[in-house]
Each structure stands twice: as structure tokens, then as C-alpha cells.
Amino acid sequence: MNTEYTIDMLIQKILTDDKQYDLSKIITAYEFAAKAHEGQKRSSGQPYIIHPLAVAYILLELGMDTDTICAAMLHDVVEDTPVTLEEVKKRFGQDVAMLVDGVTKLNQVPMFNKEEQQAENVRKMMLAMSQDIRVIIIKLADRLHNMRTLEFRPGVKQRNTAHETMNIYAPIAHRLGMRGIKEELEDLSFHYLDPFAYSEIEHILEIKKSEREAFITRIKETISERFKDQDFTAPPQIEGRVKSIYSIYKKMFVHHKSIEEIYDKYAVRIIVSTVGECYNVLGLVHDMFRPIPNRFKDYISTPKANMYQSLHTTVLGKEGIPFEIQIRTWEMHATAEYGIAAHWKYKQGISRNDSKMEQRLAWIRQVIEAQQTSDDVEEIVRIIKTDLAPEDIVVMTPKGDSVSLPIDSTVIDYAYKIHTQIGHKTVAAKVDGKMVPLDYKLQTGQICEIITSSEPDKGPNRAWLSIAKTNEAKSKIRSWFKKECREENIQTGKAELEREFKHFRIRVPEEELEEFLADDLKRHNCNTLDDFYASIGYGGTMLSKILPRLKDKYVKLYQKEEEPENNAVIKPVRKQSSIILDKIDDCTVKFAQCCNPLPGDEIVGFITRGHGISVHTTGCTNYLAALRRNNEEELARWMDVQWTDKEQTSMQTSIEVIALDRVGLVYDITAILTEARIPILHSSSRNLKNGNALFEATITIAGTEQLKNLFDKLRRVKDVVSVERAKV
Ligand code: MN
């Protein structure tokens, strides 16, 4: 897709637009840019000016204002031509100059693959965004055109750019609510990242294209026929579309659905004038088509975190083909399609009290703030990606306010989201009236009440850092520790480092320690060893992240002089005394997925190459197979391991309950889990073909004893047929 954009196209578009533009300023900016870029070429061989023109055109389609269009036209002049920012400012004013400067600064961050540099880039982007959100909107348009013309770039460049677009730009577009831009960025990136899957889906969609179009047309006709005798403020608009290639890919490959199982690959959208009409239309379509159970979502009463609102329902057409219907008002439609850009498209300029704009900006500020309490750049990238994750849950306060949080958020995240002080003072929580542990994962629709301590000095617990899911909560917990107790942090951090060093068998003489850690001190903005300890202590520095690297460094610098370390761990241990697992989060010990051992099970360890020890049950098929093979070299890698006596460990396991399907079944099962104070990490239930129901849950359990008790209780639940540990 490489349209040859011209200034005439742009002028034509401006003249036919409802919005007022300063046409002569835009033409001047074009002439200025065309002259500055004279003689320069794009990789496609076309004159360079095509690119700024295209970017300006994309922004015009989004409905952005005159200054943004001018800045788009000029966005590469300061970077790629002798023109200075001063000149831009003199000719086009402070605003345009500031926008050009913002975009230029973003561009100066080099292309990369490394997460660390990515963090730097994102940090700068967030800062630029917080100064003027239009900077990132220009950058998104710039990236969109570069993606559209990526075929002219060398292969390595294609992959890197596509990767970065998929990881950073598409999520930002999503978070800003710009659906069109987000989907195009995703589809284009996906095309370069997985060309085979892309063309496969494209092909599938192509085969039945006319059939599908006819299907959607029929549905649209049926609906509008039914609407004829209804009273609407204005005639509803009915649109039909097929979802984007990448969203179909995600459903097929990530959620393992076949193309036939993707209910919403066809979507019909109905746009009406008022919220009341939305619900009327919902009633009408449910009357016309059979709704598929559990597929109705009301994003009007509980909007998504990016402010998306609509009613979604999936229904069965006459041909037995399911399709999704989205119902929304025109205003919701503008928000859904243009997101933050709707602001410029539908209003003149920025009105300060616009609450949606404020909410979007609040998110950006929040990310920047959070970055200031974490010194670990890789952590920042991870955090931003989590915050950008498209899936959200909506939880209610006892007063009925809705709070949206990323999926998997715990009670702690919720408490901090409500208020920092509530977070700090949390002692317990109730979900739907029942007490839950603090690491309880909240789900959409639940009502959560936080019980706080009345002690004025009550603060968070360090363990909360691993319970919290959101950046916001973690950052607030860290900053409490950072502020409240430096001495204690130094102590904790030092002890933690010593413990990990011992564990990794790193023995650096005390006087050489600062030198040994010099790079890490710098990396985490620490001036002294104490600063570094403190940073570990409050959780700003994650030891688990840096230890493997430190171990390598240690081996390089010190290991040669010492005895080869191998003997210490890797021995034909079957003949030797057993090791004792005293810490389940021990980084060198992993629990095998194949048999998922629990404390209390008889276990055996396998020494992997470079990934520590993986622990299996003695009944595990993999272990038994190894015994049968009876290969000496292989057997030498199996070792005896044992659990500690202490019952302080807890582990995850999955259970399956099969029962005759009846009303209240899931409730009865969960009640038993809750009573036993067993946290449920995830649960689902479905009907089996034979009429039975299957309930699956991933739970945290202290040991086989507790599991056995639980199973006894579950087996006594009415209509339960069997209770078992899930086979993975
Ligand atoms: Mn550019």
C-alpha cells in the first residue's frame, strides 16, 4: 500500500471537511518542507516529501488540528535537513515548533532490539506524551506510514520495526483508544513477523469472501426491516465488517480456536442516538436472533479501561452462523474509533474540563511516576506492557463505583487503586461479602471491600510486592519503603544479596564487592553500596534479574582459581544423600509441568543443562521411562530430593471436579474452597457432552494432606461424580 500522496489531495480533503483549517499555513508548511527535503529520497525511490505528506494526510483523516498537520509536514526537517528548530518557531509559532521538537526527540532514540533500550525509548515517549499528547499522535501516524511502506526496507530492519510496532506503538494506540490505527499497525506488523500465518488467515478469509459479504448483507437487511416500525430519534446506522487479521490470529493461535469457533469474526454494528435506544435495540436483536449464553457484555455501564463503550452480544443467525452485534451511540462510536483523537475531530481544540482526556492523561502520568520508583529498566518495560495489556477487569466498590484494573489484579492492587493510604492500611478484604486472602485475584463484577487498620503508622508488607500485579501498587509500596525505612532497607537488601550469593555460590571478597558490582550500581542509579542494598531492600532492584549475569561475571573473574564447582551439585546423586528443598521459590529448582509435584508427594530431581534442577514425582511417566531406558549417563542426572518438614511451603495445582449439572453447583464447590481458605487462582466450568459439568480450578495448596482433605469434602458435595488432580 504505497499511495503517492500529493498536496492537492490534502487540499481537496481540507476543503471538503466540516472542520475549519488554516489552509494557507498548511500550504506554507508544505512548501517549506518540500524545499528542505529537496533531492532526498525514500527507500522506495520516491521523493522524500511523500512521507510528511502522508503523515499529514493520516492526521487529517483523524481530524487533528492545523498545528498538528503543520508539525506533521515538518516532522523530519530538523532531524534530516539543515533547518533549525528556531526557524520553524519563527515561521510557524511556538506550538508547531514544540510538536516538531517532541517528535524529533523521540526519533533520536536509536532503533534496537534490546529491552533495555526499549525502556529508555518508552520512557522518553511517555515524557513527550505528557507534555503534549499530540506528539505521540503524530508519531503514531509517522509509524503507520513507515509500516505501510516497510516493504522497501531491508529484511532485518523490517523485523525490528515490526517488532517494535507490535510491542510499543500498537499497545499505545490501543490505550489511547485509536482502534483504526491500532488494528492497521497490528496487521502490518503481523504481516512481517509471521508472514506464513498472515497469509494463511488472509487465504481463509478470501475463500468465502462473497459468501460472507452476502451473509452480512442479509443480516443488515433483516435488522433494518425490523427497525422500520420502531421509533428512533434518527434512523440507526447498521454496518457490517470482518475483524482484523491479527485479532483472528490471536483467537486461533493464542486461544486455540478453529476459524469456525471464532464467533465474532463477523461483526454487525448498530449506531443509534441515545443510550436508551442502545438497550432497546439490544432487546430487539435478542428477539430476532437467539443470543448465545454468556456472550453478552455491557461496556456501557462498565467501560473498558481505554474508555471504550458499547453493548456486545453474540447471536445465532438463521443459517446457524454466530455473529457479534455491537450497539453504541454516535458519541461512543467516535470514542471507539478515534479514541483520544475524537477530541480534535469533534470539538474545537482542547477543552480543559474534558474528563475523558483527563483520564487518559492520568494514565500517562501514572506510568511516568511509577518509573521513578523502579530503577530496573527491564522491569519498566515489563510493567508498561502489563499496563498496556488490553484485557481489563472491572470491580465495584461497596458504593457501586466501578474500578478498572488489569486482568489478574489482586485485592492489594484494588486497594492502592482506590487510594494510596487505603493501600498502605489494608489488613483484610471482602469480596461479595466474604473474606478473601490479600492475594485473591479479582474478577469482573465482584464487589470488593477493603478493611483498613486504624493504626496511624500501619504500612504495607514487603511480601505485597510479589502479590501486587499493577505497576501503580508496586510503585506505591516501594516508595513507602523507600521513604520510611532506609536503614531497614539496607539491612534487608544486604541480607538478601548475601543469601543469593551463597545460593549461587558467588564468593567475592568484601573489599572487592563494590568493584564487582560497579556496573549494577551504575545501572540502578546507586552511588554507594548502601544505596544498592537499600534499592534491593525496597524492591527497586530485582536480584532475580541480575543474578544470572553476576554469576557469569563471577565465573569469568574468580572461578578459575577455585575448585571446579561442578562437584558441588552435579554428582551421581542417586547413590548420595538427598538434598532438601527448603524454599520453593528457589531459582534453581523448578517443578516439572508433566507431573506437577506437591509437598508431600514422593519426589525426585533431574539435573537439567543450565536450568537448575527440575523436580518430578516418583510416579511421573518421564521418570519411569528414564528408569526403563536404564542409560547410565542419563540415570546419573536423576537425584534424590526431599521436602522440608516444615509446612510453610505452598504450591499451585489444578483440580477437576465432574458432577451432574445443576443450578448452584459451582457456588457449592467454590464455597468449600473459600471455607478451607484455599485461594483460587483461576477457575472455569463447562458442560460435557454427556450432560455432566466439569469444573476446573487452579488453586494454591499447602501440601498433599490439605489436598486430600479438600478432595474428601468436595466428594461429599451433592451430585459430584469425581474429584481429581488435573493431568497436564
Ligand atoms: Mn517520519
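Sequence order sets the numbering: in each chain, residues are counted from 1 along the sequence as written. For a predicted model such as this one, the threshold for reporting local features is a pLDDT of at least 70, and the threshold for listing and counting side-chain atom pairs is 80 or more; totals across whole chains, interfaces and linings nevertheless cover every residue. To get the side-chain values, take all heavy atoms of the structure and skip hydrogens and water.

1. Remarks on the overall build of the chain
Secondary structure follows DSSP: runs of H or I at least 4 residues long count as helices, runs of E at least 2 residues long count as strands, and numbering of each begins at the N terminus. When helices and strands are tallied, the chain shows 32 helices and 20 strands. Within the chain, buried positions represent 50% of all 728 residues. Of the contacts made within the chain by residues no fewer than 6 positions apart, 67% connect residues no fewer than 24 positions apart. In this scheme, a residue with accessible area under 20% of its type's maximum is buried, one over 50% is exposed, and one in between is partly exposed, where area comes from a 1.4 Å probe on protein chains only. Any pair of residues with heavy atoms lying within 4.5 Å of one another is described as a contacting pair.

2. Description of a negative patch on the surface
A cluster of like negative charges, contributed by Glu510, Glu511, Glu512, Glu514 and Glu515, occupies part of the molecular surface. You can see Glu510 is positioned in the loop between α23 (486-503) and α24 (513-516). Excluding any residue in a salt bridge, patches collect residues exceeding 30% relative accessible area, merging like charges within 9 Å and nonpolar Val, Leu, Ile, Met, Phe, Trp and Tyr side chains within 5 Å. Here, Shrake-Rupley sampling with a 1.4 Å probe gives the accessible areas, and only protein chains in the shown set may cover a residue. We define a salt bridge as a contact between a side-chain nitrogen of Lys or Arg and a carboxyl oxygen of Asp or Glu at a distance within 4 Å. Positive: Lys, Arg. Negative: Asp, Glu. His and the chain ends are not part of the count. Here the site of a charge means atom NZ of a Lys, CZ of an Arg, CG of an Asp or CD of a Glu.

3. With respect to the sheet that holds strand β11 (residues 448-452)
A pair of strands is treated as paired once DSSP finds two or more bridges between them. If you walk across this open sheet you meet the three strands as β10-β9-β11, and the pairing is antiparallel. If you trace the sheet from one side to the other, it starts and ends with β10 (434-436) and β11, each paired once. Looking at each pair of strands side by side, their axes are set apart by 35° on average, direction ignored. As paired elements, strand β9 (residues 426-431) and β10 share three bridges and run antiparallel to each other. Within β10, the position partnered with Lys430 by the bridge is Met435. Against the sheet, helix α19 (residues 411-418) touches β9, β10 and β11, its axis set at about 80° to β11. Here an axis means a line fitted to C-alpha atoms, over the contact stretch when the element is a helix, while the angle between two N-to-C directions is reported on a 0 to 180 degree scale.

4. Section: the packing of helix α2 (residues 23-36) against helix α4 (residues 66-73)
With their axes 9 Å apart at the nearest point, α2 and α4 run at an angle of 10° to one another. With respect to α4, the element α2 is oriented roughly parallel. Residues Lys25, Ile26, Ala29, Tyr30 and Ala33 of α2 touch α4, and the partners they reach there are Thr66, Asp67, Ile69, Cys70 and Met73. For the contact of α2 with α4, the residue count by class is seven nonpolar, one polar and two charged. An angle below 35 degrees is read as roughly parallel, one above 145 as roughly antiparallel, one from 65 to 115 as roughly perpendicular, and any other as oblique. Think of it as three bins: nonpolar holds Ala, Val, Leu, Ile, Met, Phe, Trp, Tyr, Cys and Pro, charged holds Asp, Glu, Lys and Arg, and polar takes everything else, Gly as well.

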